[in-house]
Amino acid sequence: MRRRTFLALPAAVALPMPRRWTTTVAADGSGDHTTVQAAIDAVPAGEPALVRVRPGTYPGQLIIPASRPSIELRGLGRSPADVVIADDRANGTPKPDGGTWGTSGSASVTVDGAGLRAVNLTFANLFDEAAHPEITNRQAVAVLTRADRLVFDRVRFLGNQDTLYVNSSAAGVVARAYFRDCYVEGDVDFIFGRATAVFDRCHIHSLNRNSTPAGYVTAPSTDRANPYGLLFHRSRFTADAAVPAGAVFLGRPWHPSNDPEAIGQTIIRNSWIGAHIPAAPWTDFGAWPWEEARFAEYRNVGPGAAVTPDRPQLTSAEAAAYTVEAALRGFS
């Protein structure tokens with residue numbers, strides 16, 4: 001047994017330090033398991049666990065069920081790129097037993113276990129859009145979260161459309177996730193959902209999809225009653241060199257099943273924004289106007305951070321309520 005060790009996190013994110021079950025995954029057979037899923041399945045139900053993953057690529061879907069809370073999934077490589085957990089299916093990919101996977105079913109990794117910590121690894125959806133012109137529903141999720149009190153530290157999320165789906169177990173249920181020093185890439189709505197998700201010092205990268213517009217970064221569906229949706233703090237928004245200036249929107253409001261209670265929130269503060277973001281960075285989603293969503297910025301810099309009438313800005317008093325600590329209060 002090992003005693004739990006934590007990196008320095010904001011006080012609101014600090015968790016207790018129970019003793020925990022430990023196992024090691026290695027694709028070459030030198031560990032306790034050869035797949036991450038086998039290691040998760042072996043964790044005694046309800047017991048805190050450390051799952052150490054040696055460098056390598058681990059293909060196939062990974063599901064962390066609600067019966068496996070308080071797991072730390074730690075990559076043992078020198079960098080997050082050394083451990084890759086990946087799958088390659090999209091919304092429209094046919095299922096063996098008929099039908100298609102759908103957006104949620106496309107996820108390479110699904111997290112239903114509360115209290116997960118993922119450290120120093122990569123989650124990817126490797127669905128190749130160009131290789132499958134017959135598939136028109138191309139949402140391909142790398143990670144779907146539905147649990148509360150999740151921490152992702154130095155983790156990469158790779159995909160194209162719908163890369164990172166931050167959700168909750170049901171409409172009206174609050175689920176919180178903290179992303180620190182993470183990298184997220186994609187093109188269309190690649191950070192989306194109704195969870196409270198805090199991105200602290202993260203790198204958010206828009207890929208070139210050779211179309212106009214070139215993409216949308218966020219598509220929040222935050223429940224009206226939840227004061228915190230997607231919060232980006234001291235983060236960096238960049239794009240491929242081929243993406244034209246002003247061609248990527250920061251966000252649009254997603255109303256799943258036309259839910260009128262999904263009043264999405266994206267707040268970007270104290271961040272650097274590249275020239276791929278236009279002077280009017282928010283846009284409508286179908287019949288739902290962006291002005292009715294909760295979109296705002298505060299003290300951003302960079303060539304894409306101009307202050308215009310189409311860019312709501314928080315006052316200093318309002319910004320004091322939208323901090324990392326405030327969004328994650330009661331996290332432990």
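What counts, and at which threshold
Residues numbered from 1 in each chain as written. Predicted model: local features only at pLDDT ≥ 70, side-chain atom pairs only at ≥ 80, totals over all residues. Heavy atoms only, no water. Pairing = 2+ DSSP bridges. Helix = DSSP H or I, 4+ residues; strand = E, 2+ residues; numbered from the N terminus. Phe/Tyr/Trp six-rings, centres within 6.5 Å; stacked < 30°, edge-to-face > 60°. Buried < 20%, exposed > 50% of the residue type's maximum accessible area, 1.4 Å probe, protein only. Lys NZ or Arg CZ within 6 Å of the ring centre and 35° of its normal. Patch = residues over 30% accessible without salt bridge, like charges linked within 9 Å, V, L, I, M, F, W, Y side chains within 5 Å. Areas by Shrake-Rupley, 256 points an atom, 1.4 Å probe, with all protein chains shown as cover. Salt bridge = Lys/Arg side-chain N within 4 Å of Asp/Glu carboxyl O. Lys, Arg positive; Asp, Glu negative; His and termini not counted. Charge placed at Lys NZ, Arg CZ, Asp CG, Glu CD. Axes fitted to C-alpha atoms, helices over the stretch in contact; angles between N-to-C directions. Contact = heavy atoms within 4.5 Å.

A.B. asks: Looking at this model, I keep getting lost on the pairing of strand β20 (residues 236-239). Mind explaining?
C.D. replies: Each regular strand carries side chains that alternate between the two faces of the sheet. Where strand β17 (residues 203-206) meets β20, four bridges bridge the pair, whose relative direction is parallel. In the sheet register, I204 faces β20, and the bridge partner there is F237. Bridge analysis of β20 against strand β23 (residues 272-273) gives two bridges, and the strand direction is parallel. Note that in β23 the partner of F237 across the bridge is I273.

A.B. asks: Looking at this structure, I do not really get the packing of aromatic side chains. What am I missing?
C.D. replies: Any two aromatic rings considered together are summarised by their centre-to-centre distance and by the angle between their planes. The full count for this structure, using the stated rule, is 13 aromatic pairs. Note on F152 and F157: the rings are 5.5 Å apart at their centroids and 65° apart in plane angle, and the pair reads as edge-to-face. Each member of the pair, F152 as well as F157, is classed as buried. An aromatic cluster is built from F123, F152, F157, F179, F199, F232 and F237, whose rings are joined through pairwise contacts. If you follow R252 out to its NZ or CZ, it ends over the ring of F285, 3.9 Å from the centre.

A.B. asks: Looking at this structure, how should I read a negative patch on the surface?
C.D. replies: Taken together, the side chains of D284, E291, E292 and D310 make up a negatively charged region of the molecular surface. Mapped onto the fold, D284 is located in the loop between β23 and β24 (294-298).

A.B. asks: What exactly am I supposed to notice about the sheet that holds strand β15 (residues 188-193) here?
C.D. replies: The strand order β5-β8-β10-β12-β15-β18-β21 describes an open sheet built from seven strands, whose pairing is parallel. Taken across any chain shown, the strands that pair with only one partner, and hence form the sheet edges, are β5 (62-64) and β21 (248-251). Each strand of the sheet is rotated relative to its neighbour by a mean of 10°, with strand direction disregarded. For strand β8 (residues 109-111) and strand β10 (residues 143-145), the ladder comprises three bridges, and the chain directions are parallel. In the sheet register, T110 faces β10, and the bridge partner there is L144.

A.B. asks: When you look at the environment of V36 in this model, what are you seeing that I'm missing?
C.D. replies: With respect to the helices and strands, V36 occurs in helix α1 (residues 36-42). Since its relative accessible area comes to 3%, V36 is described here as buried. Spatially, the C-alpha atoms of V36 and V51 are 8.1 Å apart, while their sequence positions differ by 15 residues. Sequence-distant contacts of V36, defined by excluding residues within four places in its chain, comprise V25, V53, Y58, L62, L73 and I85.

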